[in-house]
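Residue-level structural notes
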Amino acid sequence: MRLNDLTIKQAKQGLRNKEFSSEELVKTCLDVIEKRNKSLNAFITVCKDEALDKARKADDLLKNGQDLPLLGIPIAAKDIFSTKGIRTTAASKVLDNYIPQYDATVIRKLKDTGAIIVGKTNLDAWAHGSSGENSDFGPTKNPWNEEYVPGGSSSGSAVSVASGMALGATGTDTGGSIRLPASFTNTVGLKPTYGRVSRYGIIAMASSLDSIGHFTKTVEDSALILGVTAGKDEFDATTPSETVPDYQTSLTKRIKGLRIGVPKEYVSGQEGVTAEVKANFNESLKTLEKLGAEIIDISLPNTEYGIACYYIIQPAEVSSNLARFDGIRYGNERESFGDEAKRRIMLGTFTLSVGYYDAYYKKAMKVRTLIINDFEKAFEKIDAIASPVSPTKPWKIGDKTNDPLKMYLSDILTVNCNLAGIPGLTVPSGFIDKLPTGIQFLGPKFSEDLLFRIGHAFEQETKFYEKKAYET
């Protein structure tokens, strides 16, 4: 087993037992980046010298018996997280020369617990996209088959973990931007409860929807990272004082007797879900039943309005958040927004304009409340929800770039989770035509420990996470 094949848990044990050094571990990841990034385009900026320097310092701490949760572990950061002294572009040439003077709270917490940032990963520019193709620095490619998309917008982060360039990576999820690429790359992707992780220092897309999560190889690693990044932050008023539990303590509890709901609107009543995705999902349900969970059919009656609701609220917030990039305070005045950013700015400005606010934005916010109520009522009878992540398998690069509506519909199974502010966890569930697919588990607010418990049981039973993209 190569060092970059290790999970974070395995790497921590190896470092603690002096089986290898952090410098060796980081160098292995950097070697893969040097070898494969030209074709996969997962990284916009590689921090080779900084990472190796930090690794040597981590080794000194390890020699002195220091024990931090992520000491010496190579982590990639989506290039929408502010990183002090390191270029942060949001994958847009508008910010090509922007170097932040501070770290995002998540980056600071990761560094404080010993993590080593190996680079900044590619994404759909400004996090606008579902495929990883909408980047001013070129599309990210799926390591399982480079002719296919890896999902977006957190495309580079997912690919960095799937291809062995890092052991974990940060991401943001506004409408599925962690869960979708996790599903498409055979990785574990967590979208926490809204506010569970601070948004401070992250270039905003849609402020009431953005959730800050990450990618890992296993559910256990995901629980470890959330234990580091979650919690109250004085710089983000949306972070609650809710206690951060030890997410790893309940991982190994059995899921026998748990009631897992399957919304008919997500599967049987959703025309866009392909037969092969439904077949994979049904096999996953059999696995959950084998583990002792009770599968219950439920209804979320306002599901059908979710995608329309989302694509009113989200562009409205985008148009407001992008207004600051005027070439005076931020941004390169010689560069302009791409087509997708312009499209969302125009849509958002229109829905917020006089005479249309009540007809569109205000109505969408009322529908959002109905969607929240649907989930709350459902969770009175069940413990969690299971559904497919994407209505289709990964598609070929270029297949949807000329049809924005078709691209937007790829989020149809993920956006309602963001509208409701609840947590979602994507876990690998197998392969369709040799391309990965995943299952997502949704729970009540602040139920990440429950989702980890379900996801871990499913993962350990199926073992799909053991398959590597670079072995194909």
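Conventions adopted
- Think of each chain on its own: its residues are numbered from 1, step by step along the sequence as written.
- Confidence filtering applies because this is a predicted model: local features only for residues at pLDDT of at least 70, side-chain atom pairs given and counted only at 80 or more, and all residues used for totals across whole chains, interfaces and linings.
- The basis for the side-chain values is all heavy atoms of the structure; hydrogens and waters are excluded.
- In this text, helices come from DSSP runs of H or I with a minimum length of four residues, and strands from runs of E with a minimum of two, each type numbered from the N-terminal end.
- Radius of gyration: C-alpha atoms only; globule rule: 2.2 Å multiplied by the number of residues to the exponent 0.38.
- With a 1.4 Å probe rolled over the protein chains alone, any residue whose accessible area is under 20% of its type maximum counts as buried; one over 50% counts as exposed, and the rest are partly exposed.
- As used throughout, the charge tally considers Lys and Arg to be positive and Asp and Glu to be negative, leaving His and the chain termini uncounted.
- All charge positions are set by atom: Lys at NZ, Arg at CZ, Asp at CG, Glu at CD.
- Structural elements are reduced to axes, namely lines fitted to C-alpha atoms, with helices fitted over the stretch in contact, and the angle between N-to-C directions of any two is expressed from 0 to 180 degrees.
- In what follows, roughly perpendicular refers to angles from 65 to 115 degrees, roughly parallel to angles under 35, roughly antiparallel to angles over 145, and oblique to any angle outside these ranges.
- For any helix crossing, the convention is left-handed if the near helix is rotated counterclockwise from the far helix by under a right angle, and right-handed if that rotation is clockwise.
- We call two residues contacting when some pair of their heavy atoms lies within 4.5 Å.
- Amino acid classes used here: Ala, Val, Leu, Ile, Met, Phe, Trp, Tyr, Cys and Pro are nonpolar; Asp, Glu, Lys and Arg are charged; the rest, including Gly, are polar.
- What counts as a salt bridge is simple: a side-chain nitrogen of Lys or Arg found within 4 Å of a carboxyl oxygen of Asp or Glu.
- Among buried residues, the Ala, Val, Leu, Ile, Met, Phe, Trp, Tyr and Cys ones that are joined through side-chain atoms within 4.5 Å form a nonpolar core.
- Strands qualify as paired when DSSP identifies two bridges or more between them.

**Details of the overall build of the protein chain**
Helices and strands together make up the secondary structure of the protein chain, namely 14 helices and eleven strands. Computed over its C-alpha atoms, the radius of gyration of the protein chain comes to 21 Å, within 12% of the 23 Å expected for a compact globule of 472 residues. With the C-alpha coordinates of the protein chain rotated into their principal frame, the extents come out at 60 × 60 × 45 Å. Going through the 472 residues of the protein chain one by one, you find that 62% of them count as buried. Within the protein chain, the 59 negative side-chain charges are centred at a point lying 1 Å from the centre of the 59 positive side-chain charges.

**Describing unusual backbone geometry**
Cis geometry is adopted by the peptide bond preceding Ser-153, which originates at Gly-152 and carries an omega value of 10°. Within the fold, Ser-153 resides in the loop between strand 3 (116-121) and helix 5 (155-162).

**Brief notes about the packing of helix 2 (residues 22-40) against helix 3 (residues 48-63)**
At their nearest, the axes of helix 2 and helix 3 sit 8 Å apart, and the two run at 160° to each other. With respect to helix 3, the element helix 2 is oriented roughly antiparallel. Viewed along their axes, helix 2 and helix 3 form a crossing whose handedness is right-handed. Facing Ser-22, Glu-23, Val-26, Lys-27, Leu-30 and Glu-34 of helix 2, the residues of helix 3 in contact are Lys-48, Ala-51, Leu-52, Ala-55, Arg-56, Ala-58 and Asp-59. The class makeup of the residues in the contact of helix 2 with helix 3 is six nonpolar, one polar and six charged.

**Re the environment of Leu-347**
By the secondary structure assignment, Leu-347 is in helix 10 (residues 339-352). Counting along the chain gives 32 residues from Leu-347 to Pro-315, while the straight-line C-alpha distance between them is 6.0 Å.

**Observations regarding the pattern of salt bridges**
As enumerated under the stated definition, the model contains 18 salt bridges in all. Arg-56 is paired through a salt bridge with Glu-23; the nearest N and O atoms lie 3.2 Å apart. Residue Arg-56 is located in helix 3, and its partner Glu-23 is located in helix 2; the two are separated by 33 residues in the primary sequence. Owing to a relative accessible area of 39%, Arg-56 belongs among the partly exposed residues under this scheme. You can call Glu-23 partly exposed: its relative accessible area is 28%. Several salt bridges share partner residues, and in doing so they unite Glu-340, Arg-343 and Arg-344 into one network.

**Thoughts on the nonpolar core**
Judged by nonpolar contacts, the single largest core of 128 residues is most densely connected at Val-118, Trp-126, Leu-288, Phe-375, Phe-441, Phe-452 and Ile-454. Ranked by residues supplied to this core, first place goes to helix 9 (residues 306-321) with eight residues. Every residue in contact with Ile-454, bar those within four places of it in the chain, is listed here: Ile-255, Leu-258, Ile-260, Leu-288, Ala-384 and Phe-441. Core analysis: the next-biggest nonpolar cluster, separate from the first, contains six residues, Val-149, Phe-184, Val-389 and Trp-395 among them.

**Here we look at the packing of helix 4 (residues 105-112) against helix 7 (residues 219-229)**
Direction vectors running N to C along helix 4 and helix 7 enclose 110°, while the axes themselves pass 9 Å from each other. As the angle between them shows, helix 4 and helix 7 are arranged roughly perpendicular. Only Ile-225, Val-228 and Thr-229 of helix 7 make contact with helix 4, whose side of the interface consists of Val-106, Lys-109 and Leu-110. Among the residues making up the contact of helix 4 with helix 7, the classes are represented as four nonpolar, one polar and one charged.

**Side note on the pairing of strand 4 (residues 168-173)**
The element strand 4 is extensively covered by neighbouring structure, given that six of its six residues are classed as buried. The alternating pattern of strand 4 places Gly-168, Thr-170 and Thr-172 on one face and Ala-169, Gly-171 and Asp-173 on the opposite face, and all of these are buried. Of the pairings in the sheet, the one linking strand 2 (residues 74-78) to strand 4 comprises two bridges and is parallel in character. What sits directly across from Ile-75, in strand 4, is Gly-168.

**Side note on the pairing of strand 11 (residues 435-442)**
Burial of strand 11 is extensive: eight of the eight residues sit out of reach of the surface. Alternating positions in strand 11 separate into two faces, Leu-435, Thr-437, Ile-439 and Phe-441 on one and Pro-436, Gly-438, Gln-440 and Leu-442 on the other, with burial throughout. The pairing of strand 9 (residues 384-388) with strand 11 spans four bridges and is classified as antiparallel. Among the inter-strand pairings, Pro-388 is bridged to a residue of strand 11, identified as Ile-439. As paired strands, strand 10 (residues 424-432) and strand 11 are joined by eight bridges and run antiparallel to one another. Considered in strand 11, the bridge of Leu-425 is made with Phe-441.

**Considering the sheet that holds strand 6 (residues 211-216)**
Strand-to-strand pairing in sheets goes through backbone hydrogen bonds, with the strands running parallel or antiparallel. What the eleven strands build is an open sheet, ordered 1-3-2-4-6-5-10-11-9-7-8; its pairing is mixed. Each edge of the open sheet carries a strand with a single partner, namely strand 1 (43-46) and strand 8 (294-298). Ignoring which end each strand starts from, the neighbouring axes of this sheet average 30° apart. Sheet topology note: the strand 5 (residues 188-191)/strand 6 ladder contains three bridges and is antiparallel. Paired with Val-188 across the two strands is Thr-216, which belongs to strand 6. Helix-sheet contacts for helix 5 involve strand 1, strand 2, strand 3, strand 4 and strand 6, and the interaxial angle to strand 4 is about 155°.

Geometric values such as these leave the question of function open.
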